[in-house]
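Observations on the model geometry
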Amino acid sequence: MGTRTGSRRNQQERTRATTAALVAAARELFVAEGFAGTSLGAICDRVGVTRGAFYHHFENKEQIFREVYAAEQKELGVVVRRAFLAERDPWDGLVAGSRAMLEASLEPAVRRITLVEAPGALGWTVMRGIQAGCKEQLRIGLALSVEAGCLPARPLDPMTSLLYGALCESALDIAGAEDPRAVLEDTTVQLEALLTGLAGRVGPGCAHS
């Protein structure tokens, strides 16, 4: 019994290792060559597996790209959450988390995967489904800001959609700009003005800071 259990565990570990290696190799190629320019053969060659082994883990190139995109969104969520929690005040956390989301578009590999290749490879419906976790984090940040008195009580769902949509569109603008850093700084100023308007105040900063 113990031997059978150990063998099964080893097989599961090998499966996870191969899956991770395929995803890592696919990410590198998608960044370098784009989704259309990357072949399944190139992914397999980089890992040293056969096409049959690839199809044991993924149905097609679209599915492995989806895994790559989902991993990028998960990492973005970690970065945004860390920025939010680094601030003592929910308002400052909301600003910091929003800026962190925009700053992610400065990283060339992230920009290529999430902003350039994903719309064509996955389509907006699939992308929105994968982005749901990041959007929910924003909703939680807004809810905490309302609870702390940083923002007046308002319907959270439309407020979340409006702000998340603005952040996503701004990230696209930053990614496509000739001077992304300058556009980021300009966008951050407007972001704080937008949040100040949501709070119903005339100046930036939290009401009780």
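So, here is what we can say about the structure in this document. The numbering scheme is per chain: residues are counted from 1 as the chain's sequence reads. A pLDDT threshold of at least 70 governs which residues receive local features in this predicted model, and a stricter bar of 80 or more applies before side-chain atom pairs are shown or counted, although totals over entire chains, interfaces and linings include all residues. Each side-chain value is worked out from all heavy atoms of the structure, with water and hydrogens disregarded.

Below, the discussion takes up the overall build of the protein chain. Only DSSP runs of H or I covering at least 4 residues are called helices, and only runs of E covering at least 2 are called strands; the numbering of each starts at the N terminus. Scanning the protein chain from terminus to terminus reveals nine helices and zero strands. Helices and strands appear in the protein chain in the N-to-C order α-α-α-α-α-α-α-α-α. In terms of overall dimensions, the protein chain has a C-alpha envelope of 65 × 50 × 25 Å along the principal axes. With a 1.4 Å probe rolled over the protein chains alone, any residue whose accessible area is under 20% of its type maximum counts as buried; one over 50% counts as exposed, and the rest are partly exposed. Residues counted as buried form 37% of the 209 residues belonging to the protein chain. Any two residues having at least one pair of non-hydrogen atoms within 4.5 Å are treated as being in contact. Expressed as a percentage of contacts within the protein chain between residues at least 6 apart in sequence, the contacts between residues at least 24 apart total 69%. Summing over all exposed atoms, the protein chain offers an accessible surface of approximately 11400 Å²; the carbon and sulfur share of this is 54%. Positive charges come from Lys and Arg, negative ones from Asp and Glu, while His and the chain ends are left out of the count. Think of each charge as sitting on NZ of Lys, CZ of Arg, CG of Asp or CD of Glu. In the protein chain, which carries 23 positive and 25 negative side-chain charges, the distance between the mean positions of the two groups comes to 9 Å. Throughout, the Shrake-Rupley method with a 1.4 Å probe supplies accessible areas, and for residues the shown protein chains are the sole cover considered.

Our next topic: the packing of aromatic side chains. Any two rings among Phe, Tyr and Trp, with Trp reduced to its six-membered ring, count as a pair given centres within 6.5 Å; such a pair is stacked if its planes are under 30 degrees apart, edge-to-face if over 60, and tilted if neither. All chains considered together, the criterion is met by five aromatic pairs. Considering the side-chain rings of F35 and F65, the 5.4 Å spacing of their centres and the 80° angle between planes classify their relative orientation as edge-to-face. Residue F35 is found in the loop between α1 (2-33) and α2 (40-47), and its partner F65 is found in helix α4 (residues 61-85); the two are separated by 30 residues along the sequence. For F65, a relative accessible area of 0% puts it in the buried group. For the ring pair F54 and F58, a centre distance of 5.7 Å and an interplane angle of 40° mean the geometry is tilted. Of the two residues, F54 and F58, neither departs from the other in class, the shared state being buried. Of the aromatic side chains, those joined through ring pairs into one cluster are F30, F35 and F65. Between the NZ or CZ atom of K61 and the centre of the ring of F35, over which it lies, the distance is 4.4 Å. Cation placement over rings: the criterion is NZ of Lys or CZ of Arg within 6 Å of the ring centroid and within 35° of the ring normal.

Here the focus is the nonpolar core. Among the nonpolar cores identified, the biggest contains 26 residues, and L142 and L195 are the most heavily contacted of them. Among the elements that take part in this core, helix α8 (residues 156-176) stands out by supplying eight residues, more than any other. When neighbours within four sequence positions are excluded, L142 is seen to be in contact with L94, L151, L156, M159, T160 and L163. Residues belong to one nonpolar core when they are buried, are Ala, Val, Leu, Ile, Met, Phe, Trp, Tyr or Cys, and are joined through side-chain atoms within 4.5 Å. Membership of the second largest hydrophobic core comes to 21 residues, among which are V23, F35, L40 and A118.

On to the pattern of salt bridges. The salt bridge criterion pairs a side-chain nitrogen of Lys or Arg with a carboxyl oxygen of Asp or Glu, the two atoms within 4 Å. All chains considered together, the criterion is met by six salt bridges. Close ionic contact of R27 with E72 constitutes a salt bridge, the shortest N to O distance being 2.4 Å. Placement of the pair is R27 in helix α1 and E72 in helix α4, with a sequence separation of 45 residues. Residue classification places E72 among the buried residues on the basis of a relative accessible area of 11%. Salt bridges sharing partners connect three or more residues here, namely R99, E103 and E185.

Turning next to helix α7 (residues 124-147). In this model α7 runs 32 Å from its N-terminal to its C-terminal C-alpha over 24 residues, within 8% of the 34 Å that 1.5 Å per residue would give. To get the bend at a residue, fit one axis to the 7 residues ending there and another to the 7 starting there, then take the angle between the axes. Along its length, α7 shows its largest kink, about 50°, at A132. Where α7 is concerned, the buried positions are M127, I130, Q131, C134, L138, G141, L142 and S145. The elements touched by buried residues of α7 are α4, α5 (90-103), α6 (108-122) and α8. Phi for G149, located one or two positions after α7, is positive at around 90°. To estimate the expected span of a helix, count its residues, drop one, and scale the result by 1.5 Å.

In this section: the packing of α5 against α8. Contact geometry for α5 and α8: axes closest at 9 Å, N-to-C directions at 35°. Crossing angle aside, the handedness with which α5 passes α8 is right-handed. Residue-level contacts link S98, M101 and L102 of α5 to Y164, L167, C168, S170, A171 and I174 of α8. Split by residue class, the contact of α5 with α8 holds seven nonpolar, two polar and no charged. Each axis is a line fitted through C-alpha atoms, and for a helix only the stretch in contact is used; angles between axes span 0 to 180 degrees, taken between their N-to-C directions. Helix crossings are classified by the rotation of the near helix relative to the far one: an anticlockwise turn of less than a right angle makes the crossing left-handed, while a clockwise turn makes it right-handed. Residue type decides the class: Asp, Glu, Lys and Arg count as charged, Ala, Val, Leu, Ile, Met, Phe, Trp, Tyr, Cys and Pro as nonpolar, and the leftover types, Gly among them, as polar.

Within the fold, Q131 resides in helix α7. For Q131, the contacting residues outside a window of four places in its chain are Y69, Q73 and Y164.

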